[in-house]
Amino acid sequence: MTIEVWAPRAARVRLRRPGHADAELVAQDAGWWRSDVTLASGDEYGFVLGDSDTARPDPRSRRQPRGVHDLSAWDDPAAFTWTDGAWTGRPLAGGLLYELHVGTFTPEGTLDAAIGKLPHLVDLGVTHVELLPVNAFNGTHNWGYDGVLWYAVQEEYGGPEAYRRFVDAAHAAGLAVIQDVVYNHLGPSCNYLPEFGPYLRDGRSTTWGASIDLDERAVRDHIIQNALMWLRDHHVDGLRLDAVHALHESEGSPEHILRELSERVDALSTQQGRPLSLIAESDLNDPVMILPREAGGHGLAAQWVDDWHHAVHVALTGETDGYYADFADPGALPKTWRGGFFHDGTFSSFRGVDWGAPVPPEVASWRFVEFAQDHDQIGNRAAGDRLSQTLSPARLRVAAVLTLTAPGTPMLFMGEEWGASTPWQFFTSHPEPELAEATRRGRRAEFARMGWDESLVPDPNDPATFERSKLDWSETERTGHADLLRLYRELAHLRRAHPELSDPNRSGHAAESIAPARWALHRGAATVYVNLSDAPWELDLGGRGVWFSTEPAEALPAGSPATAPGAPAVPAGLVRLPPESAVIVGPVDGD
């Protein structure tokens, strides 16, 4: 076998293996070094660069048994015995995503433990499980966005073998797997890649550190081959691409990295005979992400829509600080319902500029991933508090309705379905005291600038912050939590049972603000009425029936006195919707 590494910054490269003499690698074209060496599964190795005597892990390491600072271990994905030969994949259209963090999803925090919870997701009606990043990082626990070795699975989660077991089990349960990947920056600890070559872009940074140099062909290939590895070798069904707005390349680049990536993934999808989905997290509000390549777009399957989250969050909570300010507009919820983006070329007060672009009407609504909660919007609050820690049970039920009738592809964040009382806080495990202190101070300073009380901000490096963020599964059987879980299951079933609730044709998505804190949200012949005011709302169903209601919607007898003095008698088909409630109405059987 040939082992190779891209190391244009090294004048000499040796392969180090315990119990063997160092083997010299031979310089090749374009900064590559190669040697014929036989490695068996589990064999440890590393690269010694130049005159150093310290071995570095392989930049494309598949396994780091003793952490990211130590030797790599050879992993052969072909040695795994898969049982998913009949798996043909699941399209995103009509799906229900479930985002989870392996380390806090179960008490054990492992991929094998997560397998035991797959029946819960199936019963809930989930179709796609989305894992937060599992790539190798320094320390024992982390959100996953500080990864430095993109090809390796964090050992605390079980390593690559456990990862393949999880994907195989998910497919056996009928669940597709989406893997969150980070290609816009590298973590701050144990990042040895710049010693090998120019992985980082000089003079251009992201919010999280130095930008990746996408003008380097080998760096682009490092990203593309990583994406194909997850999809091909680990049988993953799609990738969520973190913060693609932070992918920087020169204007003269012949092809955008996302377009190139989508071309390669589509080709692999054709070869494998199953759908492979790329989902962008983008702050740009630009439909170029999901427009077909033939129309000048990047050709990705879908993108997250933060505007939907912001509109729903403001409607439910009344919070209007920071980037929520623009969404105090009562028309924000109807606009995002109709078109996905609120800022589609309009002025964003948070950014201080016009932002976004309109979405062409022919774009199917399922291409927008929409959610009321996710890891960022919870974890990037000072205390990591969920909606369940501030909203009434009645409003949590309304949140469920809004999420599971959303025009796009709905996504839940782990524990949302039962109103988990555990927070989900920002946690790290940096072994370096100076990095831990810098993270602690930076986090508190960030929230102080936004007017938050610093005392509410937990220490990210305190192990208790991580432990507090683990789900308490016993809550699923407790009164209140169990009731909300049943409601989510009912709504997921309702979405599958009524085509109106998953129809991707945006021409049928109309919406309006009826009065303060009251909205009518239409999906063809179906309508979701949301009453977050403190007074009842009398609705004329127009001959339609009630499919679902978060609170009993009182049917008013025809001819009975109306609420307002002097108003005409109640016509047939009128119902009274209580405060803090929502109702879904649509054609009755036979219509």
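Residues numbered from 1 in each chain as written. Predicted model: local features only at pLDDT ≥ 70, side-chain atom pairs only at ≥ 80, totals over all residues. Heavy atoms only, no water.

Colleague: In this structure, what is going on with the packing of helix α11 (residues 393-404) against helix α14 (residues 481-497)? I would like to understand it.
Modeller: Two quantities define a packed helix pair, namely the angle between the axes and the distance from one axis to the other. For the pair α11 and α14, interaxial distance at closest approach is 10 Å and the crossing angle is 25°. With respect to their mutual orientation, α11 and α14 come out roughly parallel. Every pair of crossing elements has a handedness; the one defined by α11 and α14 is right-handed. Between α11 and α14, the contacting residues are Leu396, Arg397, Ala400, Val401 and Leu404 on the first element and Leu484, Leu487, Tyr488, Leu491, Ala492 and Arg495 on the second. Residue classes in the contact of α11 with α14 are distributed as nine nonpolar, no polar and two charged. (Axes fitted to C-alpha atoms, helices over the stretch in contact; angles between N-to-C directions. Helix = DSSP H or I, 4+ residues; strand = E, 2+ residues; numbered from the N terminus. Parallel < 35°, antiparallel > 145°, perpendicular 65-115°, else oblique. Left-handed = near helix turned anticlockwise from the far one by under 90°. Contact = heavy atoms within 4.5 Å. Nonpolar A, V, L, I, M, F, W, Y, C, P; charged D, E, K, R; others polar.)

Colleague: Teacher, can you tell me more about the packing of helix α6 (residues 217-232) against helix α7 (residues 257-272) here?
Modeller: Relative to each other, α6 and α7 sit at 35°, their axes nearing to 10 Å. Regarding α6 and α7, the two cross each other, and that crossing is right-handed. Within the contact between the two elements, α6 uses Arg217, Arg220, Ile224, Gln225, Ala227, Leu228, Leu231 and Arg232 and α7 uses Ile257, Glu260, Leu261, Arg264, Val265, Leu268 and Gln272. Its residues assigned to classes, the contact of α6 with α7 shows eight nonpolar, two polar and five charged.

Colleague: Would you explain the pattern of salt bridges in this entry?
Modeller: Proximity of charged atoms lets side chains of opposite charge pair with each other. For the structure on display, the rule yields 41 salt bridges. Here Glu281 ties to Arg240 by a salt bridge, and the two come within 3.0 Å at their closest N and O atoms. You can see Glu281 sitting in the loop between β17 (277-280) and β18 (302-304) and its partner Arg240 sitting in strand β16 (residues 238-241), a full 41 residues away along the chain. Residue class for Arg240 comes out buried when judged on its relative accessible area of 0%. With its nearest N and O atoms 2.7 Å apart, the salt bridge here joins Arg351 to Asp283. Taken as a pair, Arg351 in the loop between β19 (346-348) and β20 (353-355) and Asp283 in the loop between β17 and β18 lie far apart in primary sequence, 68 residues in all. Each member of the salt-bridge network shares a partner with another, and the members are Arg217, Arg220, Asp221, Glu249 and Glu260. (Salt bridge = Lys/Arg side-chain N within 4 Å of Asp/Glu carboxyl O. Buried < 20%, exposed > 50% of the residue type's maximum accessible area, 1.4 Å probe, protein only.)

Colleague: It is not clear to me how the pairing of strand β12 (residues 149-153) should be interpreted in this structure. Could you clarify?
Modeller: Looking along a regular strand, one sees the side chains alternate between the two faces of the sheet. Burial within β12 is extensive, with five of its five residues counted as buried. Strand direction decides the pairing type here: strand β11 (residues 135-136) and β12, joined by two bridges, are antiparallel. Looking at β12, one finds that Ala136 is bridged to Leu149. (Pairing = 2+ DSSP bridges.)

Colleague: Please clarify how the sheet that holds strand β28 (residues 554-556) should be interpreted in this entry.
Modeller: Backbone-to-backbone hydrogen bonds join strands into a sheet, with any given pair of strands oriented parallel or antiparallel. What the three strands build is an open sheet, ordered β26-β29-β28; its pairing is antiparallel. Edge positions in the sheet fall to β26 (537-540) and β28, since each of these pairs with one other strand and no more. In this sheet, neighbouring strand axes are inclined to one another by 35° on average, regardless of whether the strands run parallel or antiparallel. Looking at chain direction, β26 and strand β29 (residues 574-577) are connected through four bridges and run antiparallel. By the bridge assignment for β29, Asp540 is matched with Leu574.

Colleague: For this particular structure, what's the right way to read the sheet that holds strand β1 (residues 2-6)?
Modeller: Read from one edge to the other, the open sheet built from three strands follows the order β1-β5-β4, with strand pairing classed as antiparallel. Strands with a single pairing partner mark the edges of an open sheet, and in this sheet they are β1 and β4 (26-27). Here five bridges tie β1 to strand β5 (residues 32-36), and the two strands are oriented antiparallel to one another. Bridge pairing in β5 places Glu4 opposite Arg34.

Colleague: Sorry, what's going on with the confidence of the model for the protein chain here?
Modeller: As a note on interpretation, predicted positions should not be read in detail where pLDDT is low. When the pLDDT values of the protein chain are averaged, the result is 94; 97% of them are 70 or greater. Contacts for the low-pLDDT stretch residues 559-571, under 50 throughout, to residues beyond four places or in other chains number 14 contacts. (pLDDT = per-residue confidence, 0-100.)

Colleague: What should I look at first to understand the side chain of Glu249 in this one?
Modeller: You can see Glu249 is positioned in the loop between β16 and α7. Within the structure, the side chain of Glu249 is placed 3.0 Å from the side chain of Arg220, a separation counted as a polar contact. Every residue in contact with Glu249, bar those within four places of it in the chain, is listed here: Arg201, Leu214, Asp215, Arg220, Glu255, His256 and Ile257. (Polar contact = N/O pair within 3.5 Å; in protein donor to acceptor, adjacent residues only side chain to side chain.)

Colleague: Teacher, can you tell me more about α6 here?
Modeller: In an α-helix there are 3.6 residues to a turn, and that puts residues three or four apart on one side. Between its first and last C-alpha atoms α6 spans 22 Å; for 16 residues at 1.5 Å apiece the expected length is 22 Å, and the two agree. With 12 of its 16 residues buried, α6 lies for the most part within the structure. For α6, every residue scored as buried is listed here: Ala218, Val219, Arg220, His222, Ile223, Ile224, Asn226, Ala227, Leu228, Met229, Trp230 and Leu231. (Expected span 1.5 Å × (residues − 1).)

Colleague: What am I meant to see in a nonpolar patch on the surface here?
Modeller: On the surface, a nonpolar cluster with roughly 290 Å² of combined accessible area is contributed by Met450, Trp452 and Leu456. Structurally, Leu456 is set in the loop between α12 (433-449) and α13 (463-468). For Leu456, a relative accessible area of 44% corresponds to the partly exposed category. (Patch = residues over 30% accessible without salt bridge, like charges linked within 9 Å, V, L, I, M, F, W, Y side chains within 5 Å. Areas by Shrake-Rupley, 256 points an atom, 1.4 Å probe, with all protein chains shown as cover.)

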